Amino acid sequence: MKVMYFAWLREKTAISSEEVDGAGLATVSDLVEALRAKGARHAAAFEDVSAVKVAVDQKVVGFDASLEGATEVAFFPPMTGG
Amino acid sequence: MAVRVQEEDFDLGVEAAALRGSGDAGALVTFSGIVRGGEGDVAAMMLEHYPGMTEAALEEIEAEACARWDLSASLIIHRVGRLMPGENIMMVAAASRHRKAAFEAAEFLMDYLKTRAPFWKKEETPEGARWVDAREADDDAAARWAK
């Protein structure tokens, strides 16, 4: 699946998107654990997930959401448009 | 009914003029957000968004407004990229037969846009750049529309 990062998550991971093998990842929380293990930058980005929102296939969901059939997962801080 | 996400500026007057002739409108409410330009304010504002999801979220918000109020026209424009103090950031407009629906719908569009559309602001200041924090007051404002 395609994993995307916006705003300070993009800056902390130093990437805007990457391909991640979703095998064995049932929920968003499982994905976050797998991403944390990728290295120091990812670990820093996901240090405090209370400050992080997630969208699966462009719909905002909770961290307990299923990744079944997901093609695009995006992580970002609370929105500040307007 | 339209949403636009764009780098280029817009003209509030031109947009309003195009909406005022729509259908049976007797009221047109517009709101525009501007980069604050006072002393001690930012040198520039960077607007980042999530292409694809942004447009879908704005269309959903607009559809929700049209379901709740009898609108003859509505419009959401939001700019992205680097904006200078005094520049337009975004606008919403709602036209209806009577003012109450137009006022309420415009406020609803703003409240939902601030909390549900994937835009992020980064301020450039003399001390460096910083991401703008989401405000609890914005969540409270959006929550009052919950049915």
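Throughout what follows, the structure given in this document is the object of discussion.

Attention now moves to the overall build of chain A. Along its length, chain A carries 3 helices and 5 strands. Over its C-alpha atoms chain A spans a radius of gyration of 12 Å, differing by no more than 12% from the 12 Å that the globule rule assigns to 82 residues. With the C-alpha coordinates of chain A rotated into their principal frame, the extents come out at 35 × 30 × 20 Å. Relative to its 82 residues, chain A shows a buried fraction of 46%. Within chain A, contacts between residues separated by at least 24 positions form 53% of all contacts whose residues are at least 6 apart in sequence. With an accessible surface of roughly 3,900 Å², chain A has 50% of that area assigned to carbon and sulfur atoms. Positive and negative side-chain charges in chain A, numbering 8 and 12 respectively, have mean positions lying 7 Å apart.

Below, the discussion takes up the environment of Ala63 of chain B. Tracing the backbone through its elements, the reader meets Ala63 of chain B in helix H2 (residues 53-68). Each C-alpha atom of the pair Ala63 of chain B and Glu127 of chain B lies 41 Å from the other, and the pair is 64 residues apart in sequence.

Let us now look at the sheet that holds strand E6 (residues 88-96) of chain B. Note on sheets: strands pair through backbone hydrogen bonds, and any given pair is parallel or antiparallel. Residue and element names in this part refer to chain B. The 4 strands lie next to each other as E1-E4-E6-E2, forming an open sheet whose pairing is mixed. Of all the strands in the sheet, just strand E1 (2-6) and strand E2 (27-34) have a single pairing partner and so form its edges. Strand-to-strand twist of the sheet, defined as the mean angle between neighbouring strand axes without regard to direction, takes the value 10 degrees. By the bridge criterion, 8 bridges tie E2 to E6 in an arrangement that is antiparallel. Residue pairing for E6: Ala27 is matched across the bridge by Ser96. Contacts between helix H1 (residues 12-20) and the sheet are confined to E1, E2, strand E4 (71-79) and E6, with E2 contributing the most and set at about 160 degrees to the helix. On the sheet, H2 packs against E1 and E4 and is oriented at approximately 150 degrees with respect to E1.

The interface of chain A with chain B comprises 19 residues on the first partner and 25 residues on the second. When the area that chain A buries against chain B is broken down by residue, the three leading residues are Met79, Thr80 and Gly82 of chain A, summing to 41%. On the surface where chain A and chain B come into contact, there are 3 salt bridges. Notably, a salt bridge pairs Glu48 of chain B with Arg10 of chain A, separated by 2.5 Å at the nearest N-O pair. Only helix H1 (8-13), strand E4 (59-61) and strand E5 (72-76) of chain A provide two or more residues apiece to the side of chain A that touches chain B. The class makeup of the residues in the side of chain A that touches chain B is 11 nonpolar, 4 polar and 4 charged.

For the rest of this paragraph, the subject is the pattern of salt bridges. Pairing between side chains of opposite charge can happen when the charged atoms of each approach one another. Applying the stated rule across the entire model yields 16 salt bridges over all chains. A salt bridge links Arg36 of chain A to Glu33 of chain A; the nearest nitrogen and oxygen atoms lie 2.4 Å apart. With a gap of 3 residues between them, Arg36 of chain A and Glu33 of chain A both fall in helix H2 (residues 28-36), about one helical turn apart. With a relative accessible area of 27%, Arg36 of chain A lands in the partly exposed category. In the salt-bridge network here, residues are joined through shared partners; they are Asp9, Arg79 and Glu87 of chain B.

On to the packing of H2 of chain B against helix H3 (residues 99-116) of chain B, then. Residues and elements named next belong to chain B. At a minimum axis distance of 10 Å, the contact between H2 and H3 shows a crossing angle of 150 degrees. Put simply, H2 runs roughly antiparallel to H3. When the axes of H2 and H3 are compared, the crossing they make is right-handed. Contacts between H2 and H3 involve Ala57, Leu58, Ile61, Glu62, Glu64, Ala65 and Arg68 from the first element and Phe108, Leu109, Tyr112, Leu113 and Arg116 from the second. Per-class residue counts for the contact of H2 with H3 are 8 nonpolar, no polar and 4 charged.

This brings us to the layout of surface pockets. Roughly 980 Å³ of internal volume is contained in the largest pocket. Lining the largest pocket are 41 residues, with Met79, Thr80 and Gly81 of chain A together with Lys114 and Thr115 of chain B positioned closest to its centre. Counting only elements with at least two residues in the lining of the largest pocket, the list comes to E4 of chain A together with E2, H2, H3, strand E7 (119-125) and helix H4 (136-143) of chain B. Considering every element that reaches the lining of the largest pocket, the biggest residue donor is H2 of chain B, with 6 residues. Within the lining of the largest pocket, the residues separate by chemical class into 18 nonpolar, 7 polar and 16 charged.

Thresholds applied
Residues numbered from 1 in each chain as written. Chains lettered and ligands numbered in written order. Predicted model: local features only at pLDDT ≥ 70, side-chain atom pairs only at ≥ 80, totals over all residues. Heavy atoms only, no water. Helix = DSSP H or I, 4+ residues; strand = E, 2+ residues; numbered from the N terminus. Rg over C-alpha atoms; globule rule 2.2 N^0.38 Å. Buried < 20%, exposed > 50% of the residue type's maximum accessible area, 1.4 Å probe, protein only. Contact = heavy atoms within 4.5 Å. Areas by Shrake-Rupley, 256 points an atom, 1.4 Å probe, with all protein chains shown as cover. Lys, Arg positive; Asp, Glu negative; His and termini not counted. Charge placed at Lys NZ, Arg CZ, Asp CG, Glu CD. Pairing = 2+ DSSP bridges. Axes fitted to C-alpha atoms, helices over the stretch in contact; angles between N-to-C directions. Buried area = accessible area lost by both parts, 1.4 Å probe. Salt bridge = Lys/Arg side-chain N within 4 Å of Asp/Glu carboxyl O. Nonpolar A, V, L, I, M, F, W, Y, C, P; charged D, E, K, R; others polar. Parallel < 35°, antiparallel > 145°, perpendicular 65-115°, else oblique. Left-handed = near helix turned anticlockwise from the far one by under 90°. 1 Å grid on protein atoms, 1.4 Å probe; cavity = no way out; pocket = protein on both sides within 12 Å on 5 of 7 lines; lining within 4 Å. Points joined across faces, edges and corners; volume = space filled by probe spheres on them.

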